[in-house]
Protein chains: 2
Amino acid sequence: MAALEDIDQSDARRHRVVIIGAGFGGLFAARALRGAPVDVTVIDRTNHHLFQPLLYQVATGVLSEGDIAPPTRDILRHQKNVRVLLGEVVGIDLAAHEVVLETLDRQSRIAFDSLIVAAGAAPSYFGHDEFAASAPGMKTIDDALELRGRIFGAFEMAELESELERRDAWLTFAVVGGGPTGVELAGQIAELSRRALKRNYRAFNPRIARVILIDAGDAVLATFPESLRRRARRDLERLGVEVRLGTVVTGVDIEGLDMKSRDGSVRRVEAYTKVWAAGVQASALGAMLAEQSGAEVDRAGRVQVLPDCTLPGHREVFVVGDLMSLNRLPGLSEVAMQSGVHAARTIARRLKGDTGERAFRYRDLGTMATISRFSAVVSIGRIRVAGFVGWVMWLVVHLAFLTGFKNRFAAVLNWAVAFLGRRRRQRTITEQQVFARTRALEQPEAPAAAFPPAG
Amino acid sequence: MAALEDIDQSDARRHRVVIIGAGFGGLFAARALRGAPVDVTVIDRTNHHLFQPLLYQVATGVLSEGDIAPPTRDILRHQKNVRVLLGEVVGIDLAAHEVVLETLDRQSRIAFDSLIVAAGAAPSYFGHDEFAASAPGMKTIDDALELRGRIFGAFEMAELESELERRDAWLTFAVVGGGPTGVELAGQIAELSRRALKRNYRAFNPRIARVILIDAGDAVLATFPESLRRRARRDLERLGVEVRLGTVVTGVDIEGLDMKSRDGSVRRVEAYTKVWAAGVQASALGAMLAEQSGAEVDRAGRVQVLPDCTLPGHREVFVVGDLMSLNRLPGLSEVAMQSGVHAARTIARRLKGDTGERAFRYRDLGTMATISRFSAVVSIGRIRVAGFVGWVMWLVVHLAFLTGFKNRFAAVLNWAVAFLGRRRRQRTITEQQVFARTRALEQPEAPAAAFPPAG
């Protein structure tokens, strides 16, 4: 028997639930199983739950990584029927009812009676994975810290650069993708250059920094109502962001990117700092599930599930969140949470003898995105709010979320102070990052992240 | 002429001061030149000033890196006669009055009329640099983040480990060196395991973690008065730290370390997490200065200076802080600050026509070290304080320091809340760290930090 079975302290008669992923879907499923007569194992390849909607604030120096990434085991520490394991799931064996966990220097198998797969999604480069080194995505803490180093590092380099063309390239920031993440990032970088970095440099005024937001579609925030899309675009442009719509990125390299407009014209922009927020690809576990169950997988790799979020032919296996394809629901944290809770409640119901099927019903609580400090767009049902009132609503919702995790008082306080203040308190660049960037520029053809030994 | 001269906006008639290093010595020198008729260039290889006395709190999850590492240029942003450059000084040409800066992908030369060398020190492994990969030092933000990943990662791995011997090795933490850094780290790791991580694990109780503090001498905090040394040792042992004095570390590898007692007996401890806080080696710039000036260098690489902190035969060159050897002054932040200020004032005095020599006089403001929350030892002149009162004094001094930097209100508030609370808010491990550790264990003979591509 595999090693991890040995530390499974569960009574053999208890129903075993394995949850893959500690994002919104997995975490909310685990919490909803509180008090249920089950033994829960949560597996994630990081030690933290990530409050992804605020990831862009880590990348732009407002918050520290700890502020938005509390350890999963700490959040769940009072829930005695849950254990949390750090590791990567590399296989799911539906016939044997086991998942294969790779952790430390070995593999182990963990048995389940019910399985909730909440493995989420990663950035998609639409077949151009070679873009990744030059334009990292924005899905993990590693991504955000990498981007933080690149953004603040770019301003450092601009101060050192005497060739004007190169200085301009250091001060040009390209954000690919006009969804909430792209919009919020572009807005924050613009604010950074216009306000937070004032008087920090002697060789240039940071206000001259260019922030370019590129999207292939007709609007930013395409999933929002028309009036808010227009408002968001106007607010971004007022902040100084250049919004390029109907524009496809055809090439990305370490020094810039190539774009193609609808009229076929091609342009190049020299930009040393680029972010990819254009699309997502569901976890490879989706394809693995589909292969074994015959379920369909859509273009983004999401698994088509039955109305109750279960895998066709495997009612003990649930797929939730960004990995789930159901009723064209969008990849929002709110969908992940609600589908995770639905899966958990279904398991608890069945254990009580209620085995009837109940379809997952998504309750749309609205969507929101901040453009800048004191300005956000909010869409709830038929209500549309923009500007300061929208921002206050955004603030209240995010504060409520953060405080939802017990004892997060300090984080909330920290966040409020940091966010209301003009300054960016988290601007640290590591020596490793400086070294890696320098190397990358010296040898553009080498892999971009050839890190030196640490410590 | 080199590139960086082009962005030197200084009036040619102004006296040019170059400061190497933005630690306590360099930063306080730059600040003391406020209002002087000089153009100051501060060069550092990181973007931040580091409040090193609290580095151990980053390593143990109390504070974020941003809390103790404000950007140097932000601290100095209102001081218009200062520019800050990110880069590494790889040469000093005393005859030509130039320093050679390596930055971006090229070298440049920067001319000075006066030079303040405050390049500090790095960990010393006393000829065993191969220890570094297994036992990182504690001098930089990179070190602290690396150690943070290793400490919290070790508890994660212990939760996964079924072989008892290996689990014990994951839960054994060895700190080499009983000075303030070693004592504070050992105390914090013990507190972590006894209090902050309560209820976080299912396979073991974190209280069983072993923390071993090793020192070759007869006491911890050897520079403190006898009564405080004993008190510190007693407090550490009460916390659960095993204090091994008179013990020399003779070998360090990825799985543990070898120790030799005074009686010649040899022991091995299996400990996957080790920190090196045993000694320092001054920057290599010291030897470079000595070679060109004929000054002496002591065993730790520090440059013997004249009583006014200048290099023999080069009264325009000052050596301050940890790189300076003068009157057996210890390597304390207080010495660095005061010598940096002395150098700056000497330059300002000379420009006013007062060229008389004035010796540097160190004003001993005392030393202090925290053992645990609510307990510290403090020595000021003849006063000796230990326990809670000592801790309050420690707190007041450190708060005063942090608030010394304008607008650090948020950091102080954050710190107070974090430090008074039981929880550790900054426990993030990056995926890169998890990956690197796993690889290192799989291939113990390979370099320990073969990082995967980021982003």
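Caption draft 1: How the structure looks around the packing of helix H2 (residues 24-32) of chain B against helix H11 (residues 333-351) of chain B. Residue and element names in this part refer to chain B. For the pair H2 and H11, the least separation of the axes is 7 Å and the interaxial angle reads 35°. Between H2 and H11 lies a crossing of right-handed hand. Contact with H2, carried on its side by Phe24, Gly25, Phe28, Ala29 and Ala32, involves Ser333, Ala336, Met337, Gly340, Val341 and Ala344 of H11 and no other residues of that element. For the contact of H2 with H11, the class distribution of residues is 8 nonpolar, 3 polar and no charged.

Caption draft 2: The arrangement of a nonpolar patch on the surface in detail. Residue and element names in this part refer to chain A. Side chains of Phe374, Phe388, Val392 and Val396 sit close together on the surface and give an oily, nonpolar patch of about 340 Å² of accessible area. By the element assignment, Val392 lies in helix H12 (residues 388-404). Since its relative accessible area comes to 33%, Val392 is described here as partly exposed.

Caption draft 3: Main features of the nonpolar core. In terms of nonpolar packing, the biggest core is built from 248 residues, with Ile92, Val99 and Phe155 of chain A together with Ile92, Val99 and Phe155 of chain B touching the most fellow members. If near-sequence neighbours (up to four positions away) are discounted, Val99 of chain B is found in contact with Val18, Ile20, Ile43, Val89, Gly91, Ile92, Ser108, Arg109, Ile110, Phe112 and Leu115 of chain B.

Caption draft 4: Main features of unusual backbone geometry. Residues and elements named next belong to chain A. Positive phi is not limited to glycine here, since Phe126 has a value of about 50°. Among the secondary structure elements, Phe126 is positioned in the loop between strand S8 (121-123) and helix H6 (141-160). For Arg328, which is not glycine, the phi dihedral falls at a positive 55°. With respect to the helices and strands, Arg328 occurs in the loop between strand S20 (324-325) and helix H11 (333-351). For Arg328, a relative accessible area of 82% gives the class exposed.

Caption draft 5: Geometry of the packing of H6 of chain A against helix H8 (residues 180-196) of chain A. All names here are of chain A. Where H6 contacts H8, the two axes come as close as 12 Å, and the packing angle between them is 30°. Our classification of the angle between H6 and H8 gives roughly parallel. Remark: the crossing between H6 and H8 carries right-handed chirality. Along its contact with H6, which presents Leu147, Ile151, Phe152 and Phe155, the element H8 presents Leu185, Ile189, Leu192 and Ser193. Broken down by class, the residue content of the contact of H6 with H8 amounts to 7 nonpolar, 1 polar and no charged.

Caption draft 6: The sheet that holds strand S9 (residues 172-176) of chain A, seen in detail. Residue and element names in this part refer to chain A. Strand order in the open sheet formed by 4 strands is S11-S10-S9-S15, and the pairing between neighbours is parallel. The open sheet has two free edges, formed respectively by strand S11 (241-244) and strand S15 (273-276), since each of these has just one partner strand. If you compare each strand with its neighbour and ignore which way they point, the axes differ by 15° on average. Strand direction decides the pairing type here: S9 and strand S10 (residues 210-214), joined by 5 bridges, are parallel. Bridged to Phe173 within S10 is Val211. In the packing of H6 onto the sheet, contacts are made with S9 and S15, and the angle to S15 comes to roughly 155°. The sheet strands contacting helix H9 (residues 226-239) are S10 and S11, and the helix crosses S11 at an angle near 135°.

Caption draft 7: A look at the environment of Ile371 of chain B. Examined against the element boundaries, Ile371 of chain B turns out to sit in strand S21 (residues 367-372). If we ignore the near neighbours within four places in the chain, the residues touching Ile371 of chain B are Val183, Gly187, Ala232, Asp235, Leu236, Leu239 and Ala376 of chain B.

Caption draft 8: Quick look at a positive patch on the surface. Residues Lys80 of chain A together with Lys198, Arg199 and Arg207 of chain B make up a contiguous surface patch of positive charge. Relative to the assigned elements, Lys198 of chain B resides in the loop between helix H8 (180-196) and strand S10 (210-214). For Lys198 of chain B, a relative accessible area of 41% corresponds to the partly exposed category.

Caption draft 9: Local environment of the confidence of the model for chain A. Residue and element names in this part refer to chain A. For chain A, mean pLDDT is 88; residues scoring 70 or higher make up 89% of the total. Counting interchain partners and residues more than four positions distant, the pLDDT-below-50 stretch residues 446-455 has 26 contacts. At the level of chain-chain contacts, confidence expressed as ipTM amounts to 0.90, with global pTM at 0.91.

Caption draft 10: Main features of the packing of aromatic side chains. Residues and elements named next belong to chain A. Summed over all chains, the structure comprises 22 aromatic pairs over all chains. Where Phe155 meets Tyr201, the ring centres are 5.8 Å apart and the plane angle is 25°; that geometry is what we call stacked. Of the two residues, Phe155 sits in helix H6 while Tyr201 sits in the loop between H8 and S10, which places them 46 residues apart along the sequence. By relative accessible area, Phe155 is classed as buried at 0%. For the ring pair Phe374 and Trp391, a centre distance of 4.9 Å and an interplane angle of 80° mean the geometry is edge-to-face. Pair noted here: Phe374 is in the loop between strand S21 (367-372) and strand S22 (375-380) and Trp391 is in helix H12, with a separation of 17 residues, a long-range link. Overall, the relative accessible area of 33% leaves Phe374 in the partly exposed class. The rings of Tyr125, Phe126, Phe131 and Trp276 are connected pair by pair, giving a single aromatic cluster. Across the ring face of Phe28, the terminal group of Arg31 is positioned such that the distance to the ring centre comes to 5.6 Å.

Caption draft 11: Structural view of the pairing of strand S12 (residues 247-253) of chain B. Residues and elements named next belong to chain B. Sheet analysis places S12 next to strand S13 (residues 256-261), joined by 6 bridges and oriented antiparallel. Its bridge partner lying in S13, Gly251 is registered against Asp258. Two successive antiparallel strands, S12 and S13, enclose a turn made up of 2 residues.

Caption draft 12: Representation of the pattern of salt bridges within the structure. In this structure the tally under the stated criterion is 57 salt bridges over all chains. Linking Arg73 of chain B and Glu159 of chain A is a salt bridge whose minimum nitrogen-to-oxygen distance equals 3.9 Å. Note that Arg73 of chain B is positioned in helix H5 (residues 72-75) and Glu159 of chain A in helix H6, a pairing that runs across two chains. Across the pair Arg302 of chain A and Asp298 of chain A runs a salt bridge whose closest N-O atoms are separated by 3.0 Å. Exposure remark for Asp298 of chain A: the relative accessible area of 26% places this residue in the partly exposed category.

Caption draft 13: Broad picture of H9 of chain A. All names here are of chain A. With 14 residues, H9 ought to run about 20 Å at 1.5 Å a step, and its terminal C-alpha atoms sit 20 Å apart, in line with that. Within the sequence span of H9, burial applies to Leu228, Ala232, Asp235, Leu236 and Leu239. Burial along H9 is one-sided: seen end-on, the buried residues are contained in an arc of 100°. More than 90 degrees from the buried face of H9, the exposed residues found are Arg230 and Arg238. Looking one or two places after H9, you find Gly240, whose phi comes out positive at around 110°.

What counts as what
Residues numbered from 1 in each chain as written. Chains lettered and ligands numbered in written order. Predicted model: local features only at pLDDT ≥ 70, side-chain atom pairs only at ≥ 80, totals over all residues. Heavy atoms only, no water. Axes fitted to C-alpha atoms, helices over the stretch in contact; angles between N-to-C directions. Helix = DSSP H or I, 4+ residues; strand = E, 2+ residues; numbered from the N terminus. Left-handed = near helix turned anticlockwise from the far one by under 90°. Contact = heavy atoms within 4.5 Å. Nonpolar A, V, L, I, M, F, W, Y, C, P; charged D, E, K, R; others polar. Patch = residues over 30% accessible without salt bridge, like charges linked within 9 Å, V, L, I, M, F, W, Y side chains within 5 Å. Areas by Shrake-Rupley, 256 points an atom, 1.4 Å probe, with all protein chains shown as cover. Salt bridge = Lys/Arg side-chain N within 4 Å of Asp/Glu carboxyl O. Buried < 20%, exposed > 50% of the residue type's maximum accessible area, 1.4 Å probe, protein only. Core = buried A, V, L, I, M, F, W, Y, C linked by side-chain atoms within 4.5 Å. Parallel < 35°, antiparallel > 145°, perpendicular 65-115°, else oblique. Pairing = 2+ DSSP bridges. Lys, Arg positive; Asp, Glu negative; His and termini not counted. Charge placed at Lys NZ, Arg CZ, Asp CG, Glu CD. pLDDT = per-residue confidence, 0-100. Phe/Tyr/Trp six-rings, centres within 6.5 Å; stacked < 30°, edge-to-face > 60°. Lys NZ or Arg CZ within 6 Å of the ring centre and 35° of its normal. Expected span 1.5 Å × (residues − 1). Arc of directions from axis to C-beta.

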